[in-house]
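Chain and residue survey
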Amino acid sequence: MLKVGINGYGTIGRRVAHAVLKQDDMKLVGVAKTKPDFKAFDAVNKGIPIYCSVPGNEKLFKEVGMELAGSLDDLLSEIDLVVDGAPSKMGVENKALYEKYGLKMIFQGGEKASTADVSFNAQANYEDAIGKNSVRVVSCNTTGLARTISTIRELSDTGKIRVVLVRRAADPAQSGKGPINAIKPTPEMPSHHGPDLKTVIPSIDIMSIAFVVPTTLMHSHAIMVELKNKLDREQVIDAFRANPRVRVLRVKDGFKTTAEIMEYAKDLGRDMGDLYEIAVWDECLNTSDDGKELYYMQAVHQESDVVPENIDCIRALGGIETDKKKSMEKTNKALNIGVGR
Ligand code: NAD
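Let me begin by describing the structure that accompanies this report. Along every chain, residues carry numbers that run from 1 in the direction the sequence is written. Given that the model is predicted, a residue must reach a pLDDT of at least 70 before its local features are reported, and side-chain atom pairs must reach 80 or more before they are shown or counted; all residues, however, enter totals for whole chains, interfaces and linings. Side-chain measures were taken over the full set of non-hydrogen atoms in the model, leaving aside hydrogen atoms and water.

Right, let's talk about the pairing of strand 5 (residues 81-84) for a bit. Throughout, exposure labels follow a simple rule: accessible area from a 1.4 Å probe, protein chains only, divided by the maximum for the residue type, with under 20% read as buried, over 50% as exposed, and the rest as partly exposed. Every helix listed is a DSSP run of H or I at least four residues long, and every strand listed is a run of E at least two residues long, numbered separately from the N terminus. Residues Leu81 and Val83 of strand 5 are buried on one face, and the alternating residues Val82 and Asp84, pointing to the opposite face, are buried as well. Strand pairing is defined by DSSP finding a minimum of two bridges between the two strands. In the sheet, strand 1 (residues 2-7) pairs with strand 5 via four bridges, with the strands oriented parallel. Bridge pairing in strand 5 links Asn7 to Asp84. Strand direction decides the pairing type here: strand 5 and strand 6 (residues 104-107), joined by three bridges, are parallel. Paired with Val82 across the strands is Met105, a residue of strand 6.

Encoded structure:
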């Protein structure tokens, strides 16, 4: 069984760790933590071995009576594949250490594309990860765009795609980030999000601009797509409904904002109240009268949409499964994705 270790047990790292525990074809050997904070308590409660990633910090764990399984080097020497969950731009600094142990490596979307051999989204380019040494799972926003735009491109080739992103200011546990009472334009044209999609769908013509707004509850995207073939609204809605990793929700059922969507996610009973699927508002999707343009709005649970992608990436990169459909179905089943109304 493929032995997996996770370096960094923060927002993404711990969700991926919990998801690995739910798979029957990979084993979580342990997680590396910098310090014995409440997230370390969570690992202890779940029976996950903890390794100390900062030499000298072992005494901090000892002070709170937390048992360590070893150092980060110990963890890396016991595994086949490492998932880097370190903060943005720190993964690249960890790479040389992972290479020293001859590991397969997964980095997250906060790293530059050049950090890894290839960027990854399961639906868009699963096969590209097979046989590689390192992969970057694209960011939460790029994952959201990749899921729905890949689905549309299975119905019709696309021309220009234009996206306006409304980004959450912080994750719920990030008490120090903002803005808390202002709308902040992202001063880059295009914003990096759209062009980042080209790392997994190279042939796409996309441009994006972005705002940051005071919320912790999801990113939202307004997306406009030129279609090469005529499509009507129902064809697109049906295709989104048929994709387990996309969830079509109706305003008239009470999904007026991202707040109701995240409340509903809690009812689904997933790990940490997560919503792995990309939510598309039914009433906020339409085509032009000539069927050559599509407009829609979607919301992305930034903390969790990349989690199933990391699991599929482990299978592709770790040589467990070459069939994308089989991997995605297995991941969906283990994480309860696409079930429930
Ligand atoms: P985070 O700050 O929540 O967690 C990072 C963890 O790594 C913390 O526990 C921290 O203590 C630990 N750490 C610090 N320095 C480290 C080092 N040198 N080596 C290993 N671990 C270290 O960060 P996050 O939000 O989980 O982001 C991780 C990666 O995932 C980033 O690349 C980020 O861009 C990407 N990502 C984040 C989100 C999101 O919404 N939070 C979504 C998708 C992708």
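With that out of the way, let us pick up the sheet that holds strand 14 (residues 278-287). Taken in spatial order, the seven strands make up an open sheet running 10-11-9-12-15-14-13, and their pairing is mixed. Two strands lie at the open edges of the sheet, namely strand 10 (184-185) and strand 13 (246-249), each paired on one side alone. In this structure, strand 12 (residues 219-227) lies alongside strand 15 (residues 293-300), joined through eight bridges in antiparallel fashion. Following the sheet pairing, Ile223 is matched in strand 15 by Tyr296. Every residue pair with non-hydrogen atoms within 4.5 Å of one another is taken to be in contact. Convention adopted: a line fitted to C-alpha atoms gives each axis, helices being fitted over their contacting stretch, and angles between N-to-C directions are expressed from 0 to 180 degrees. Helix 7 (residues 140-153) rests against strand 9 (158-168), strand 11 (205-213), strand 12, strand 13, strand 14 and strand 15 of the sheet, and its axis sits at about 145 degrees to strand 15.

Okay, the side chain of Glu111 next. Along the chain, Glu111 falls in the loop between strand 6 and strand 7 (118-120). Among buried charged residues, Glu111 stands out as having no salt bridge; its nearest opposite-charge side chain is Lys89, 6.6 Å away. Polar contacts involving the side chain of Glu111 include one to the main-chain amide nitrogen of Met90, which spans 3.4 Å. In contact with Glu111, other than residues within four places in its own chain, are Pro87, Ser88, Lys89, Met90, Gly91, Val92 and Arg136. Here the positive residues are Lys and Arg and the negative ones are Asp and Glu; neither His nor the chain ends is included. Within this document, salt bridges are pairs made up of a side-chain nitrogen of Lys or Arg and a carboxyl oxygen of Asp or Glu, the two lying within 4 Å of each other. N or O atoms within 3.5 Å of each other form a polar contact, as long as, within protein, one can give a hydrogen and the other can take it, and as long as residues adjacent in sequence are counted only when both atoms are side-chain atoms.

On to the site of the ligand, then. Being near a molecule or strand, for a residue, comes down to having at least one heavy atom within 4 Å of it. Neighbouring the ligand are 20 residues, the closest being Thr11, Ile12, Ser88, Gly110 and Asp171. Within the side chain of Arg168, a nitrogen or oxygen atom sits 3.1 Å from an oxygen atom of the ligand. All accessibility values rest on the Shrake-Rupley procedure with a 1.4 Å probe; residue burial counts only the protein chains present in the view. Here the ligand, which alone exposes 820 Å², has 82% of that area covered by the protein. As a working rule, the residues Ala, Val, Leu, Ile, Met, Phe, Trp, Tyr, Cys and Pro are called nonpolar, Asp, Glu, Lys and Arg charged, and the rest polar, with Gly in that last group. Split by residue class, the shell around the ligand holds six nonpolar, 11 polar and three charged. Just so you know, the domain bounds were taken from an automatic or database domain assignment. Counting residues domain by domain, the shell around the ligand receives three or more from each of domain 1 (2-138 + 306-335) and domain 2 (140-300).

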